[in-house]
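One-letter residues, chain by chain:
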Amino acid sequence: MDIVWAAEHHAIEMTIAPGPFQLLAHLAAHTSQIRLGTGVVVAAYWHPIKLAGEAAMLDLLSGGRLELGIGKGAYQREFDRLAKGIPQNLGVAMMQEMLPALKGLWKGDYEHFGEY
């Protein structure tokens, strides 16, 4: 699985899709060669264990075709709807804390003591 840090997504129409893995699993079942990408999964909206599990399962089901993009989020209105209104400016710190947690979870037993 490739992890991509996504800096910009303004070239595409903005939508809020909190659960991209179901659609990608459907596409994986009907294709065999295309890469499957999340665009940007906003770290603040996900628990690390849930994201690690969903991404790993899709990567296995698709034969290693997942490209997981992780971002900080861009708009307070997204955080209001999907992250219980936490301040959007916390997105960077949450993203930076999420990445090593995901990598640790994919390796096996993992314990994390962080701010978020």
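Note that the coordinates shown come from a computational prediction; the quantities given were computed from them, not determined experimentally.

Asker: Got a sec to walk through the packing of helix 2 (residues 48–61) against helix 4 (residues 91–107)? Specific residues and values, please.
Answerer: The geometry of helix 2 relative to helix 4 is characterised by a closest axis approach of 9 Å and an angle of 55° between their N-to-C directions. On the basis of their axis angle, the class for helix 2 and helix 4 is oblique. The way helix 2 lies across helix 4 gives a crossing that is right-handed. Only M98, A101, L102, L105 and W106 of helix 4 make contact with helix 2, whose side of the interface consists of P48, I49, L51, A52, A55 and A56. The class makeup of the residues in the contact of helix 2 with helix 4 is 11 nonpolar, no polar and no charged.

Asker: Describe the pattern of salt bridges, listing the residues and the values that go with them.
Answerer: For the structure on display, the rule yields 2 salt bridges. The closest approach of N and O atoms between E67 and R35, which form a salt bridge, is 2.9 Å. With E67 in strand 4 (residues 66–71) and R35 in the loop between helix 1 (21–29) and strand 2 (36–37), this pair connects stretches of sequence that are 32 residues apart. In this structure, K50 and E54 form a salt bridge, with 2.9 Å as the shortest nitrogen-oxygen distance. On the criterion of helical spacing, the pair formed by K50 and E54 is a turn pair, its members being 4 residues apart in helix 2.

Asker: Account for the environment of Q88, naming residues and giving values.
Answerer: Looking at the element boundaries, Q88 is found in the loop between helix 3 (76–82) and helix 4. Sequence spacing of Q88 and A74 is 14 residues, and the spatial spacing of their C-alpha atoms is 7.2 Å. Apart from residues lying up to four places away in sequence, Q88 is in contact with K72, G73, A74, Y75, Q76 and F79.

Asker: Explain the packing of aromatic side chains residue by residue, including any values.
Answerer: Inspection of every chain in the model, using the stated rule, returns 2 aromatic pairs. For the pair F21 and W46, a centre-to-centre distance of 5.6 Å together with 85° between the ring planes defines the contact as edge-to-face. With F21 in helix 1 and W46 in the loop between strand 3 (41–42) and helix 2, this residue pair connects regions lying 25 residues apart in the sequence. Considered together, F21 and W46 belong to a single accessibility category, that of buried residues. Taken together, a centroid distance of 5.4 Å and an interplanar angle of 75° make the contact between Y45 and F79 edge-to-face. Here Y45, found in the loop between strand 3 and helix 2, pairs with F79, found in helix 3; they are 34 residues apart in sequence, far enough to count as distant. Over the ring of Y75 we find R77; its NZ or CZ atom is 4.5 Å from the centre of that ring.

How each quantity is defined
- Residues numbered from 1 in each chain as written.
- Predicted model: local features only at pLDDT ≥ 70, side-chain atom pairs only at ≥ 80, totals over all residues.
- Heavy atoms only, no water.
- Axes fitted to C-alpha atoms, helices over the stretch in contact; angles between N-to-C directions.
- Helix = DSSP H or I, 4+ residues; strand = E, 2+ residues; numbered from the N terminus.
- Parallel < 35°, antiparallel > 145°, perpendicular 65-115°, else oblique.
- Left-handed = near helix turned anticlockwise from the far one by under 90°.
- Contact = heavy atoms within 4.5 Å.
- Nonpolar A, V, L, I, M, F, W, Y, C, P; charged D, E, K, R; others polar.
- Salt bridge = Lys/Arg side-chain N within 4 Å of Asp/Glu carboxyl O.
- Phe/Tyr/Trp six-rings, centres within 6.5 Å; stacked < 30°, edge-to-face > 60°.
- Buried < 20%, exposed > 50% of the residue type's maximum accessible area, 1.4 Å probe, protein only.
- Lys NZ or Arg CZ within 6 Å of the ring centre and 35° of its normal.

Shape is all these values report; function is a separate question.
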